[in-house]
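A structural walkthrough
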Amino acid sequence: MKPEDIFKKNIKTIRKLLLSFVLVFLMLIGGLFFFIRNETTKNTTIEAIESSDYVEISKEDDFDKIENGIHVATGFVEGDGLMLVVQNCTSCHSAKLVTQNRMSKEKWLATIRWMQESQNLWDLGVNEAPILDYLSTYYAPNQIGRRANLTDIDWYELK
Ligand code: HEC
């Protein structure tokens with residue numbers, strides 16, 4: 001072989017070596033990237049599961065929560081029989097449908113009977129009396145037809 005040819009061969013070998021280095025390097029980088037991505041997705045799924053657990057727990061906590069005399073989850077006024085009403089009166093329709101109404105005990109009973117006859121409301125059994133008491137106490141008709149007279153006012157004299 002001529003020295004020239006040997007030189008050329010060497011250059012070729014070096015080139016091949018370099019190329020394989022670059023290839024291995026790229027594969028390592030690729031692998032690392034993949035690994036990191038996997039780890040982060042794993043972590044985020046764990047976080048997601050943990051946070052959804054957290055939400056569920058706090059939801060259960062919140063379910064009994066009363067703030068300023070209002071049952072937060074439904075908007076019902078706090079009082080005897082509240083939980084019976086929450087359990088029996090919010091599974092078919094929103095609590096709003098109840099709370100926006102004001103009726104006497106007889107009217108509430110009639111509404112319940114109407115739902116039992118036509119809307120598949122179940123027999124409330126022994127809970128009917130406390131439920132009616134609750135409704136007719138906290139959602140009684142407003143009896144004040146006009147606002148009460150203002151007191152504490154400095155009326156001025158017309159001249
Ligand atoms: C089995 C399902 C069911 C349950 C449980 C239920 N309701 Fe109803 N209720 C209905 C349906 C259906 C309507 C009609 C809804 C509509 O018109 O959109 C209704 C309507 C009402 C209305 C409106 C009536 C009107 O004249 O507009 C009130 C008030 C009411 N429900 C109160 C209650 C109370 C109080 C309870 C608990 C004792 C209760 N509901 C439980 C099904 C139910």
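About the cut-offs
- Residues numbered from 1 in each chain as written.
- Predicted model: local features only at pLDDT ≥ 70, side-chain atom pairs only at ≥ 80, totals over all residues.
- Heavy atoms only, no water.
- Phe/Tyr/Trp six-rings, centres within 6.5 Å; stacked < 30°, edge-to-face > 60°.
- Helix = DSSP H or I, 4+ residues; strand = E, 2+ residues; numbered from the N terminus.
- Buried < 20%, exposed > 50% of the residue type's maximum accessible area, 1.4 Å probe, protein only.
- Salt bridge = Lys/Arg side-chain N within 4 Å of Asp/Glu carboxyl O.
- Near = heavy atom within 4 Å.
- Polar contact = N/O pair within 3.5 Å; in protein donor to acceptor, adjacent residues only side chain to side chain.
- Expected span 1.5 Å × (residues − 1).
- Arc of directions from axis to C-beta.

**Let's talk about the packing of aromatic side chains**
On inspection of all chains with the given rule, the structure shows four aromatic pairs. Taking 6.3 Å as the distance between ring centres and 75° as the angle between the ring planes, the aromatic pair formed by Phe-76 and Tyr-139 counts as edge-to-face. In this pair, Phe-76 sits in the loop between β2 (70–71) and α2 (82–89) while Tyr-139 sits in the segment after α5 (128–138), placing the two residues 63 residues apart along the sequence. Residue Phe-76 is classed as buried on the basis of its relative accessible area, which comes to 0%. The class for Tyr-139 is buried, based on a relative accessible area of 3%. Here the aromatic rings of Tyr-134 and Tyr-139 are separated by 6.1 Å at their centres, their planes lie at 50°, and the arrangement is tilted. Under the relative-accessibility criterion, Tyr-134 is labelled buried at 1%. Here the aromatic cluster, defined as three or more aromatic residues joined through ring pairs, consists of Phe-76, Tyr-134, Tyr-138 and Tyr-139.

**Brief notes about the pattern of salt bridges**
Taken as a whole and judged by the stated rule, the model has three salt bridges. Linking Glu-67 and Lys-65 is a salt bridge whose minimum nitrogen-to-oxygen distance equals 3.6 Å. Overall, the relative accessible area of 41% leaves Glu-67 in the partly exposed class. Since its relative accessible area comes to 33%, Lys-65 is described here as partly exposed. For Asp-133, the salt bridge goes to Lys-105, with nearest N and O atoms at 2.7 Å. Placement of Asp-133 in helix α5 and of Lys-105 in helix α4 (residues 105–118) is noted, with a sequence separation of 28 residues between them.

**Details of the site of the ligand**
Neighbouring the ligand are 19 residues; Cys-89, Cys-92, His-93, Met-115 and Gln-119 lie closest to it. Take His-93: an N or O atom from its side chain is 2.7 Å from a nitrogen atom of the ligand. Of all elements in the fold, only α2, α3 (95–99) and α4 reach the threshold of two or more residues within the shell around the ligand. A total of four residues in the shell around the ligand trace back to one element, the largest contributor, which is α4.

**A word on α4**
Across its 14 residues, α4 extends 20 Å between first and last C-alpha, which sits within 8% of the 20 Å expected from 1.5 Å per residue. For α4, the complete set of buried residues consists of Trp-108, Ile-112 and Met-115. An end-on view of α4 places all buried positions within 60° of arc, on one side of the element. Along α4, exposed side chains directed more than 90 degrees from the buried face belong to Glu-106, Lys-107 and Glu-117. Once α4 ends, the next one or two residues include Asn-120, with phi positive near 65°.

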